[in-house]
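One-letter residues, chain by chain:
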Amino acid sequence: MVLQAAELTEDLSSLAACLAALVSERDPLRKNTTGEISADIRLRLQLLRRPENKQLREVAEQIHRLSGLESSFTLPGPQAEEFCGMLLSLAWPERIAQRRGVGSFRLASGQGAELPAYDPLASAPWLATANLGGGVNRRVRLAAPVALPDLLRLHGEKVRFEEVVCWNSRSEAVVHRSMRRLGALILDEKPLPASPELDRRIRKALLEGIVSSGLDSLPWTKELRQLQARVIMLRGLERAENKRKNAWPDIRDDALIAGLIGTPESTWLSPW
């Protein structure tokens with residue numbers, strides 16, 4: 001992180017060393033206070049400037065010295081705090097977090113993370129997290145807010161574009177959109193523009209949704225089910241009398257489902 005910070009500007013190398021020390025050493029806030037404590041690493045950076053935290057400053061100086069930079073270590077002032085999120089995102093890009101709800105986040109790695117509602121960071125749209133607890137939804141221990149434009153500037157080469165056309169079982173509809181992603185995080189999205197190819201993909205996804213949901217998802221009426229039963233009966237009589245095969249179509253539910261699999265143009269339902 002120190003070397004990456006120096007590539008941005010050498011003035012940030014000391015800040016990066018302080019952040020590395022705060023992550024690697026025991027949390028000074030948790031050692032000195034009790035009760036509800038924010039995960040904001042910038043609060044710890046303020047403690048680092050106090051005389052009683054000399055040992056923590058020495059760790060930061062050592063980290064800076066071991067980086068091999070020619071510049072000397074200087075304790076960063078309050079104006080440097082706005083860069084904390086950017087530097088943490090460079091050190092742990094897989095831990096960049098996007099808010100899903102108050103206190104609920106998704107990490108770029110795809111995992112969940114959470115903060116208690118009382119934490120001021122719980123409402124931040126984007127976080128760079130440095131220390132996480134265990135579990136499925138990992139508790140954020142240390143983090144700093146970061147702006148989306150800064151993430152795009154620092155991690156633009158990792159951003160990829162995707163087009164999605166698929167059946168959404170929750171909304172029972174076809175979703176079609178283009179999106180920019182950073183790992184598992186969706187940076188932004190918009191509907192795909194209309195085109196014949198999009199129409200074909202939507203029909204295909206809709207048919208796949210009907211197959212997965214079952215034929216009962218279609219708007220059957222009593223009359224339609226009665227017609228289906230009559231045709232099935234006539235087909236059975238036809239086969240029992242050894243008459244010409246396939247005069248009556250096979251419209252049992254299993255056969256109708258099988259007839260939905262393939263290219264959209266080849267199915268009985270697609271034109272409708």
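Residues numbered from 1 in each chain as written. Predicted model: local features only at pLDDT ≥ 70, side-chain atom pairs only at ≥ 80, totals over all residues. Heavy atoms only, no water.

A. Representation of the overall build of the protein chain in the model. For the protein chain, the count of helices and strands is ten helices and eight strands. Taken over C-alpha atoms, the radius of gyration comes to 30 Å for the protein chain, far larger than the 19 Å a tight globule of 272 residues would show. With the C-alpha coordinates of the protein chain rotated into their principal frame, the extents come out at 100 × 40 × 25 Å. A total of 272 residues make up the protein chain; the buried ones form 39% of that total. For the protein chain, the share of sequence-separated contacts (at least 6 apart) that also reach a separation of at least 24 residues comes to 54%. For the protein chain, the computed accessible surface area is about 15,700 Å², with 52% contributed by carbon and sulfur atoms. Charged side chains in the protein chain number 38 positive and 34 negative. The centres of these two groups are separated by 5 Å. (Helix = DSSP H or I, 4+ residues; strand = E, 2+ residues; numbered from the N terminus. Rg over C-alpha atoms; globule rule 2.2 N^0.38 Å. Buried < 20%, exposed > 50% of the residue type's maximum accessible area, 1.4 Å probe, protein only. Contact = heavy atoms within 4.5 Å. Areas by Shrake-Rupley, 256 points an atom, 1.4 Å probe, with all protein chains shown as cover. Lys, Arg positive; Asp, Glu negative; His and termini not counted. Charge placed at Lys NZ, Arg CZ, Asp CG, Glu CD.)

B. Structural context of the pairing of strand S2 (residues 104–107). Of the two faces of S2, only one is covered, namely that formed by Phe 105 and Leu 107; the face formed by Ser 104 and Arg 106 stays uncovered. When strand S1 (residues 96–101) meets S2, the two strands line up antiparallel, connected through four bridges. Pairing of Arg 99 across the sheet is with Phe 105, part of S2. Between the end of S1 and the start of S2, which pair antiparallel, lie two residues, with Gly 103 showing a positive phi angle near 80°. The sheet contact formed by S2 and strand S3 (residues 112–114) spans three bridges and is antiparallel. When the bridges of S3 are listed, Ser 104 appears paired with Glu 114. (Pairing = 2+ DSSP bridges.)

Remember that the coordinates give geometry; whether it matters functionally is a separate question.
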